[in-house]
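Each chain, written out:
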Amino acid sequence: MLIALDFSAVLSSWPLLVRGVLWTIGLTIVGTVLGLLLGTACAWARARNLGPRALPLRWAVASYVELVRNTPFIVQLFFLFFGLPALGLKLSPEFASVLAMVINLGAYSAEIIRAGIEDTPRGQIEAAHSLALTPGQTFRRVVLPPALQKVWPAMVSQIIIVMLGSAVCGQISTPELSYAANLISSNTFRAFEAFILATAVYLLLSMATRRLLTWIGARFLVGR
């Protein structure tokens, strides 16, 4: 059976596609920046010996990481959007999507960064202490840069996974790319063409994101 492809109806809805792409990019940028900050803070809390008083914090961080890493992203998203209103906290689709991506990437990046931190030679940390650097300065200037350099390829892959995972945010009416493809499919009855185009765009976004993040790693992390 031959299928007559007709992309004209799909391409005529290009404003929806452009809006979806922009939303996907925006969600990825905000989710990546905030998720990496959250992951770095969690990695620091888990990798550093903060004494017995900090045990509740370490347990809380460990519980958060294990909970997020062992549950599906779509369940986390639905809990934020459909579950929290039962507690009187109603989130917009866009805010729930960003929050879910930040929480998800934060947990995964925490373990990735922690692996890099624990691989830092003890001598570097002792040398920093001998130079009278504070624990915060030691972490920011001595521990974190080489740790990120070691784990950056894994981090890049995880960021791309989170970007592709944003496709499920359309299930709560966030106007990202998959939502736009669904809407175009409903309006034009050209589902095959709409999702072929969406697939191609996701592929291009993934390739561009990997190249950009690899360049950022080479530019700002290598050689530090």
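Draft legend 1. Here's a closer look at the overall build of the protein. Of the regular secondary structure elements, the protein holds nine helices and zero strands. In the protein, the succession of α and β elements from N to C terminus is α-α-α-α-α-α-α-α-α. Over its C-alpha atoms, taken along the principal directions, the protein stretches across nearly 70 × 45 × 30 Å. Here the protein, with 224 residues, has 42% of them falling under the buried criterion. Long-range pairs, those at least 24 residues apart, make up 77% of the contacts in the protein with a sequence separation of at least 6. For the protein, the exposed surface amounts to about 12,400 Å²; the carbon and sulfur share of it is 68%.

Draft legend 2. Just the nonpolar core, in detail. In terms of nonpolar packing, the biggest core is built from 35 residues, with Ile113, Ile117, Trp152, Met155 and Ile159 touching the most fellow members. Those elements that provide at least two residues to this core are helix H2 (14–47), helix H4 (73–83), helix H5 (93–118) and helix H7 (135–165). At twelve residues, H7 tops the list of elements feeding residues into this core. Setting aside residues up to four positions removed in sequence, Ile113 forms contacts with Leu36, Gly39, Thr40, Ala43, Leu144, Leu148, Val151 and Met155.

Draft legend 3. Seen up close, the environment of Leu27. If you trace the backbone, Leu27 turns up in helix H2. When the C-alpha atoms of Leu27 and Glu94 are compared, they prove to be 8.5 Å apart, with 67 residues separating the residues in sequence. Residues within four places of Leu27 in sequence aside, it is in contact with Glu94, Ser97, Val98, Met101, Thr174 and Glu176.

Draft legend 4. Local environment of the packing of aromatic side chains. This structure, assessed with the given rule, holds four aromatic pairs. Here Phe78 and Phe82 contribute two aromatic rings whose centre-to-centre distance is 5.2 Å and whose plane-to-plane angle is 80°, an arrangement assigned as edge-to-face. One end of the pair is Phe78 and the other is Phe82, both in helix H4 and four residues apart, which spans about a single turn. One aromatic cluster in this structure is built from Phe78, Phe81 and Phe82. Positioned above the aromatic ring of Phe220 is the side chain of Arg219, whose terminal nitrogen or guanidinium carbon lies 5.2 Å from the ring centre.

Draft legend 5. Inspection of unusual backbone geometry at higher detail. In this structure, Ser173 is a non-glycine residue whose phi angle is positive, near 75°. Relative to the helices and strands, Ser173 is located in the loop between H7 and helix H8 (177–188). For Ser173, a relative accessible area of 42% gives the class partly exposed. Look at Phe189: it is not a glycine, yet its phi comes out positive at around 60°. Mapped onto the secondary structure, Phe189 falls in the loop between H8 and helix H9 (191–220).

Draft legend 6. Looking closely at the pattern of salt bridges. Inspection of every chain in the model, using the stated rule, returns six salt bridges. Its salt-bridge partner being Arg114, residue Glu118 comes within 3.2 Å of it at the nearest N-O pair. Placement of the pair is Glu118 and Arg114 together in helix H5, with a separation of four residues, close to one helical turn. One network of salt bridges, in which partners are shared, links Arg46, Glu111, Arg114 and Glu118.

Draft legend 7. How the structure looks around a nonpolar patch on the surface. A surface patch of nonpolar side chains, about 830 Å² in accessible area, is lined by Trp14, Val18, Leu22, Ile25, Ile29, Val30, Val33, Leu34 and Leu37. Relative to the elements of secondary structure, Leu22 occurs in helix H2.

The rules behind these values
Residues numbered from 1 in each chain as written. Predicted model: local features only at pLDDT ≥ 70, side-chain atom pairs only at ≥ 80, totals over all residues. Heavy atoms only, no water. Helix = DSSP H or I, 4+ residues; strand = E, 2+ residues; numbered from the N terminus. Buried < 20%, exposed > 50% of the residue type's maximum accessible area, 1.4 Å probe, protein only. Contact = heavy atoms within 4.5 Å. Areas by Shrake-Rupley, 256 points an atom, 1.4 Å probe, with all protein chains shown as cover. Core = buried A, V, L, I, M, F, W, Y, C linked by side-chain atoms within 4.5 Å. Phe/Tyr/Trp six-rings, centres within 6.5 Å; stacked < 30°, edge-to-face > 60°. Lys NZ or Arg CZ within 6 Å of the ring centre and 35° of its normal. Salt bridge = Lys/Arg side-chain N within 4 Å of Asp/Glu carboxyl O. Patch = residues over 30% accessible without salt bridge, like charges linked within 9 Å, V, L, I, M, F, W, Y side chains within 5 Å.

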